[in-house]
Amino acid sequence: VQLQAFGGGLVHVGGSLRLSCAASGSSFSINVMTWYRQAPGKQRELVAMIRSGGSTNYADAVKGRFTISRDSVKKMVYLQMNSLKPEGTAVYYCAALQNKGWGPPDYWGQGTLVTVSS
């Protein structure tokens, strides 16, 4: 499974951005798609996840502002980010879990940089 994240860029505080993740290869056993982020000097953290059944979970820091969604036909996963804050500045990664519903991802994309300027 190969993952490619894109859509990052520079956005002002309070603005919106949509990240996309394209999956290719054999993805039939992928149960969960996730978005992580890593801010400068900080550990990578889970931002959002969407299961094969469609249920979602979000980090407390982004609840109500971020929305994860997917298009299974196109093999795409999206992260709509609204009301962005300066602490949202980070490299965002899409990642996939294979044959499991929880735990560290098995596949990672290359990351896309989001910069939120004040």
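The preceding data block contains the structure.
Residues numbered from 1 in each chain as written. Predicted model: local features only at pLDDT ≥ 70, side-chain atom pairs only at ≥ 80, totals over all residues. Heavy atoms only, no water.

**Re the sheet that holds strand β3 (residues 17–24)**
And step 1. Strand order across the open sheet formed by four strands is β1-β3-β8-β7, with antiparallel pairing between neighbours. Edge positions in the open sheet fall to β1 (2–6) and β7 (66–71), since each of these has one partner strand only. The average undirected angle you get between the axes of adjacent strands in this sheet is 15 degrees.
And step 2. Two strands pair when backbone bridges link them, and β3 and strand β8 (residues 76–81) are joined in this way by six bridges, in the antiparallel orientation. (Pairing = 2+ DSSP bridges. Helix = DSSP H or I, 4+ residues; strand = E, 2+ residues; numbered from the N terminus. Axes fitted to C-alpha atoms, helices over the stretch in contact; angles between N-to-C directions.)

**Points about the environment of Gly25**
And step 1. Residue placement: Gly25 occurs in the loop between β3 and β4 (30–38).
And step 2. If we skip the residues at most four places from it in the chain, Gly25 touches Gln2 and Lys75. (Contact = heavy atoms within 4.5 Å.)

**A few points about the state of the cysteines**
And step 1. The full count for this structure, using the stated rule, is one disulfide.
And step 2. Paired through a disulfide, Cys21 and Cys94 show a sulfur-sulfur distance of 2.1 Å. Its S-S torsion of approximately 60 degrees makes the covalent link between Cys21 and Cys94 right-handed. Here Cys21 is found in strand β3, whereas its partner Cys94 is found in strand β9 (residues 90–98), with 73 residues between them in sequence.
And step 3. What makes Cys21 buried here is its relative accessible area of 1%.
And step 4. Judged by its relative accessible area of 0%, Cys94 is buried. (Disulfide = S-S within 2.5 Å. Buried < 20%, exposed > 50% of the residue type's maximum accessible area, 1.4 Å probe, protein only.)

**Focus: the nonpolar core**
And step 1. Core analysis: the biggest nonpolar cluster contains 28 residues, and Trp35, Leu79, Met81 and Tyr92 have the highest contact counts within it.
And step 2. Mapped by element, the contributors of at least two residues to this core are β1, β3, β4, β5 (45–51), β7, β8, β9 and β11 (112–117). (Core = buried A, V, L, I, M, F, W, Y, C linked by side-chain atoms within 4.5 Å.)

**Side note on the side chain of Arg37**
And step 1. Structurally, the position occupied by Arg37 is in strand β4.
And step 2. Taking relative accessible area as the criterion, Arg37 reaches 7% and is therefore assigned buried.
And step 3. Within the local environment of Arg37, its side chain forms a polar contact with the side chain of Glu45, the two groups lying 2.7 Å apart.
And step 4. Once residues within four sequence positions are removed from consideration, Arg37 is found in contact with Gln43, Arg44, Glu45, Val47, Ala61, Val62, Phe66, Glu87, Gly88, Ala90, Val91 and Tyr92. (Polar contact = N/O pair within 3.5 Å; in protein donor to acceptor, adjacent residues only side chain to side chain.)

**Structural notes on the pairing of β8**
And step 1. Counting buried positions along β8 yields five of six residues, so the element is predominantly enclosed.
And step 2. Summarising the sheet, β7 and β8 pair through six bridges and their orientation is antiparallel. Along β8, the bridge assignment pairs Arg70 with Val77.
And step 3. Counting the residues that bridge the hairpin from β7 to β8 gives four residues, and of these Lys75 lies at a positive phi of roughly 55 degrees.

**A short note on the packing of aromatic side chains**
And step 1. Scanning all chains against the criterion turns up two aromatic pairs.
And step 2. Geometrically, the ring pair formed by Tyr93 and Trp108 is edge-to-face, given 6.2 Å between the ring centres and 85 degrees between the ring planes. Of this pair, Tyr93 sits in strand β9 while Trp108 sits in strand β10 (residues 107–108); the two residues are 15 residues apart in sequence, bridging distant segments of the chain.
And step 3. Owing to a relative accessible area of 13%, Tyr93 belongs among the buried residues under this scheme.
And step 4. Note on Trp108: relative accessible area 34%, which makes it partly exposed.
And step 5. Joined through ring pairs, the aromatic side chains of Tyr36, Tyr93 and Trp108 make up one cluster.
And step 6. The ring of Tyr93 has Arg44 sitting right over it, with the charged end atom 3.9 Å from the ring centre.
And step 7. Above the plane of the ring of Trp108 lies Arg44, whose end atom (NZ or CZ) is 4.5 Å from the centre. (Phe/Tyr/Trp six-rings, centres within 6.5 Å; stacked < 30°, edge-to-face > 60°. Lys NZ or Arg CZ within 6 Å of the ring centre and 35° of its normal.)

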